[in-house]
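# Summary of the model geometry
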Amino acid sequence: MVSRHLQWTDVETGIEVARAAGFPGIAWTVRPGAHIEPANVEKELPRVVELSRKAGLETPMVITGISDAASPRAEAILATMQGLGLRRYRAGSVRYDYTRELGPQFDAYRAKLEGLTALSARYGATAMIHTHSYANTIGGSAWDLWMLLRDLDPRHIGLNYDIGHVMAKGGAGWMESARAANRHIHALSVKDFLWRRTPDAQEGQWPWRTEFVPPGEGMVNFPDVFRYFRSIDFRGPIETYYEYKVPLPNGAQMDMLGTDYGKWKLEIPRSQFLAYLKRDVDFYKRSLREAGFDIV
């Protein structure tokens, strides 16, 4: 489970919720607004990981805002992870500037990736760049990101391959990007989406937009994706995202992705929230089993 979905409550309660939903672990976040602030990582990450372990939950990866070797608190975060025996961390994404030529931007980002690889190697860590589908994010289709890091050491840098974002960006192009980048794919993120036509789009505005939906209700080809990753004996973590909205009694909707810890208030009963979590966990476990994964 991604800890962002638990930022409506404290760490202890969040662990209880994750266990009750059937998750084997939590990907804890070390970013401003998360349970663990970067300024407090030396104290809080060990405490949170220990609480998780006592509850029988792993911490297979840490989500960070580290985008290059010069990112604030980068070494403190990685040193703390190393002391806890944690290796994988999600690194921050970089965005295109479409008003400028892309070639020099690729060169600059390549240099940052080289520095990030070297930093990760010093701490025995693996940086994973998320494949966001937002229009100006490098890596949405995975191809551009893989081309930049394909010659870098896959032990210390790679992709956090988000199949929802990759398919939203490139449709069936996942079949090539996953195969090309498989040595550098260290974790999968799972979510589903649909293309929706905006009925009130202004004249001249592109009317189609990506809408995230519960798994199985959208366009993501989970069977083929999971079968492929089973065929290459993929053993990395699979992080579950809830980026869709759910109805409220007053006719409004609640975004399951939530906001910052201490600001986000759960607008539905905890039992109902837990039911949504379980529904998706059951879907993914069933899909993984059907693809041949040994899932408890």
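Residues numbered from 1 in each chain as written. Predicted model: local features only at pLDDT ≥ 70, side-chain atom pairs only at ≥ 80, totals over all residues. Heavy atoms only, no water.

Turning our attention to the packing of helix α1 (residues 11-21) against helix α2 (residues 41-54). It is at 10 Å that the axes of α1 and α2 come closest, and there the two elements cross at 35°. As α1 packs across α2, the resulting crossing turns out to be right-handed. On α2, the residues that touch Val 11, Glu 12 and Ile 15 of α1 are Arg 47, Val 48, Leu 51 and Ser 52. Broken down by class, the residue content of the contact of α1 with α2 amounts to four nonpolar, one polar and two charged. (Axes fitted to C-alpha atoms, helices over the stretch in contact; angles between N-to-C directions. Helix = DSSP H or I, 4+ residues; strand = E, 2+ residues; numbered from the N terminus. Left-handed = near helix turned anticlockwise from the far one by under 90°. Contact = heavy atoms within 4.5 Å. Nonpolar A, V, L, I, M, F, W, Y, C, P; charged D, E, K, R; others polar.)

In this section: the side chain of His 5. For His 5, the position within the fold is in the segment before α1. Take His 5: its relative accessible area is 0%, and that puts it in the buried class. At 3.0 Å, the side chain of His 5 forms a polar contact with the backbone nitrogen of Tyr 242. Polar side-chain contacts of His 5 include one of 3.0 Å to the backbone oxygen of Met 256. If we skip the residues at most four places from it in the chain, His 5 touches Thr 240, Tyr 241, Tyr 242, Met 256, Leu 257, Trp 264 and Phe 273. (Buried < 20%, exposed > 50% of the residue type's maximum accessible area, 1.4 Å probe, protein only. Polar contact = N/O pair within 3.5 Å; in protein donor to acceptor, adjacent residues only side chain to side chain.)

Another aspect to go through is the packing of aromatic side chains. For any pair of aromatic rings, geometry is given as the distance between the ring centres together with the angle between the planes. In this structure the tally under the stated criterion is 13 aromatic pairs. Each ring, one from Phe 283 and one from Tyr 284, has its centre 5.4 Å from the other, and the planes form 80°; the classification is edge-to-face. Side by side, Phe 283 and Tyr 284 carry an identical accessibility label, which is buried. Just above the ring of Trp 146 sits the side chain of Arg 150; from NZ or CZ to the centre is 5.6 Å. Lys 191 extends its terminal NZ or CZ atom over the ring of Phe 212, reaching a point 5.7 Å from the ring centre. (Phe/Tyr/Trp six-rings, centres within 6.5 Å; stacked < 30°, edge-to-face > 60°. Lys NZ or Arg CZ within 6 Å of the ring centre and 35° of its normal.)

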